[in-house]
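Breakdown of the fold
Below are the chains, spelled out letter by letter.
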Amino acid sequence: MEQRKMHVVVVTGLSGSGKSTAIKAFEDLDYFCIDNLPVPMLPEFLALCEKDMPDIHKIALGIDIRERKFLKDYAKIFQDLEESGYRFEIIFLEAATDTLQRRYSQTRRVHPAASSQSLLVDAIHQEREQLRALRSRATRIIDTGTLSVHQLKAMITRTYSMIGDTELLSIQVLSFGFKYGLPFEADMVMDVRFLPNPYFVEALKNLDGRSEEVSSWVLRWTATREFVEEYGALLLKLIPLYIREGKRYLTVAAGCTGGKHRSVVIAERIAGTLRDHNYFVNVFHRDLHLE
């Protein structure tokens, strides 16, 4: 069966884990967004979009246990949609219990699983158990416990901003600085701090890896050229295997100390290698503005 072009993302997970922020991020990316659409209405809604709203190709739906029939109905409905050829995925957001407790205490909201007799911690545990099966079939699981609202939104924006209608695998290559922490969305991380550092060259210190001067200096070293060639060859072997297994997103991260020089050069070169082999690649330099 020919695959439909419509991309459907279900955003779900534990209450207090950031679903509203995620939906807002998708909205900013021009996804058609609905929060708490009753699950039984989903097939009819998608059919209506295909028939009467052909310009809609990207939909994000926020669903949680406030929609009471969700837990009963979702499994078969989601399966039917996948078998019908929709580009369908589930993002499951979660956080540690103490983090969720703190968030609820700060906002003074009532947990949707809580009753007048139950404690907040009991409601969180109950919801976590109820959603266990859904979590096991999620496309992506995101722990938001250490993320700010802005970091979660940035992560979703980086991952989904360049999704097209035909790509089997969307690849993002990300540069970063280790001193600012590992990128939480990375599938593969390469540490390029072993390469000579242009930071200690006075004429290059205040430039960044996007400049021809820094790029030429980093790539003048045999170790750099060999690394780029061999790592690029490894990725070219792995990517078809990821596609075969149904992986839809791949984030390859390159890190140096500050995320300004070496990692930027390497990220650009690796992205160029993949583009030369006709892969769709988006490049982000996470920490460039921090140095």
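Higher on the page you've got the structure.
Position labels on residues start from 1 in each chain and follow its written sequence. Given that this is a predicted model, residues contribute local features only at a pLDDT of at least 70 and side-chain atom pairs are listed and counted only at 80 or more, while totals for whole chains, interfaces and linings are drawn from all residues. Based on all heavy atoms of the structure, the side-chain values leave hydrogens and waters out of the count.

With that settled, consider the overall build of the protein chain. Only DSSP runs of H or I reaching four residues or more are called helices, and only runs of E reaching two or more are called strands; each is numbered from the N terminus. The secondary structure content of the protein chain amounts to 10 helices and 9 strands. Taking the principal axes of the C-alpha coordinates as reference, the protein chain spans close to 65 × 50 × 30 Å. Burial classification: accessible surface area is computed with a 1.4 Å probe over protein chains only, and a residue below 20% of its type maximum counts as buried, one above 50% as exposed, and the rest as partly exposed. A burial count over the protein chain gives 48% of its 291 residues as buried. In what follows, a contact means two residues having at least one pair of non-hydrogen atoms within 4.5 Å. Long-range contacts, defined here as pairs at least 24 residues apart, represent 80% of the contacts in the protein chain between residues at least 6 apart. By element, 51% of the accessible surface of the protein chain is carried by carbon and sulfur atoms, the whole surface being about 14,900 Å². Positive and negative side-chain charges of the protein chain, numbering 38 and 39 respectively, have mean locations separated by a distance of 4 Å. In these tables, accessible area is a Shrake-Rupley quantity obtained with a 1.4 Å probe, and a residue counts as shielded only by the protein chains included in the view. Positive charges are assigned to Lys and Arg, negative charges to Asp and Glu, while His and the chain termini are left out of the count. For the purpose of locating charges, the reference atoms are NZ of Lys, CZ of Arg, CG of Asp and CD of Glu.

Next up on the list: the pattern of salt bridges. What counts as a salt bridge is simple: a side-chain nitrogen of Lys or Arg found within 4 Å of a carboxyl oxygen of Asp or Glu. Under the defined criterion, the tally for this structure stands at 10 salt bridges. Taking the shortest distance from any N to any O, the salt bridge between K76 and D80 comes out at 2.8 Å. In this pair, K76 and D80 both sit in helix α3 (residues 70-83), 4 residues apart, roughly one turn of the helix. Judged by its relative accessible area of 56%, K76 falls in the exposed class. A salt bridge links E129 to R132, with the nearest nitrogen and oxygen atoms 2.8 Å apart.

Position of Y104 among the secondary structure elements: in helix α4 (residues 97-107). Separated by 109 residues in sequence, Y104 and E213 place their C-alpha atoms 51 Å apart.

To continue, consider the packing of helix α1 (residues 19-28) against helix α7 (residues 149-160). Two packed helices can be described by the angle between their axes and the distance between those axes. Packing of α1 against α7 brings their axes to within 9 Å, and their N-to-C directions diverge by 40°. Taken together, the axis directions place α1 and α7 in an arrangement best described as oblique. When you trace α1 past α7, the crossing you get is right-handed. Judged by residue contacts, T21, A22, K24, A25, F26 and D28 of α1 engage V149, L152, K153, I156 and Y160 from α7. Looking at the contact of α1 with α7 residue by residue, the class counts come to 7 nonpolar, 1 polar and 3 charged. Axes here mean lines fitted to C-alpha atoms, for a helix over just the part in contact, with angles spanning 0 to 180 degrees between N-to-C directions. Roughly parallel refers to an angle under 35 degrees, roughly antiparallel to one over 145, roughly perpendicular to one between 65 and 115, and oblique to any angle outside these ranges. Working rule for handedness: look at the near helix, and if it is turned counterclockwise from the far one by less than a right angle, call the crossing left-handed; if clockwise, right-handed. Residues are sorted three ways: Asp, Glu, Lys and Arg are charged, Ala, Val, Leu, Ile, Met, Phe, Trp, Tyr, Cys and Pro are nonpolar, and all the rest, Gly among them, are polar.

Glancing now at the layout of surface pockets. Computed from the structure, the largest pocket encloses a volume of approximately 420 Å³. G16, S17, G18, K19 and R109 are, among the 24 residues lining the largest pocket, the residues nearest its centre. Put simply, the parts of the chain that give the lining of the largest pocket at least two residues each are α1, α4 and α7. Residues that form the lining of the largest pocket fall into these classes: 8 nonpolar, 10 polar and 6 charged. Grid points spaced at 1 Å and placed over the protein atoms alone form the basis of the search, with a cavity being a set where a 1.4 Å probe fits but cannot get out and a pocket an open set showing protein on both sides within 12 Å along at least five of seven lines. Lining residues have an atom within 4 Å of a point. Grid points are joined across faces, edges and corners, and a volume is the space filled by probe spheres set on the points.

To continue, consider empty space enclosed by the protein. Scanning the model with the defined rule gives 1 cavity of 30 Å³ or more in all. There is about 30 Å³ of room inside the largest cavity. Lining the largest cavity are T159, S170, I171, Q172, Y249, L250 and T251. Every element with two or more residues in the lining of the largest cavity is listed here: β6 (170-177) and β8 (249-256). Its residues assigned to classes, the lining of the largest cavity comprises 3 nonpolar, 4 polar and no charged.

What follows covers the pairing of strand β7 (residues 188-191). Of the two faces of β7, the one lined by M188 and M190 is fully buried and the one lined by V189 and D191 carries no buried residue. Two strands pair when backbone bridges link them, and β7 and β8 are joined in this way by 4 bridges, in the parallel orientation. Across the sheet, V189 pairs through a bridge with A253, a residue of β8. Pairs of strands are assigned from DSSP output, requiring at least two bridges between the strands.

Among the secondary structure elements, G16 is positioned in the loop between β1 (7-13) and α1. Note: C-alpha distance between G16 and I156 (140 residues apart in sequence) is 17 Å. Once residues lying within four places of it in the same chain are set aside, the contact partners of G16 are L100, R103 and Y104.

A large share of β1 lies buried, amounting to 7 of its 7 residues. A two-sided burial pattern is seen for β1, the buried positions comprising H7, V9, V11 and G13 on one face and V8, V10 and T12 on the other. Sheet topology note: the β1/strand β3 (residues 58-62) ladder contains 5 bridges and is parallel. Residue V10 lies in a different strand from β3, and its bridge partner there is L61. Judged from the 7 bridges that link them, β1 and strand β4 (residues 87-94) form a sheet pairing that is parallel. Residue pairing across strands places G13 opposite L93, the latter belonging to β4.

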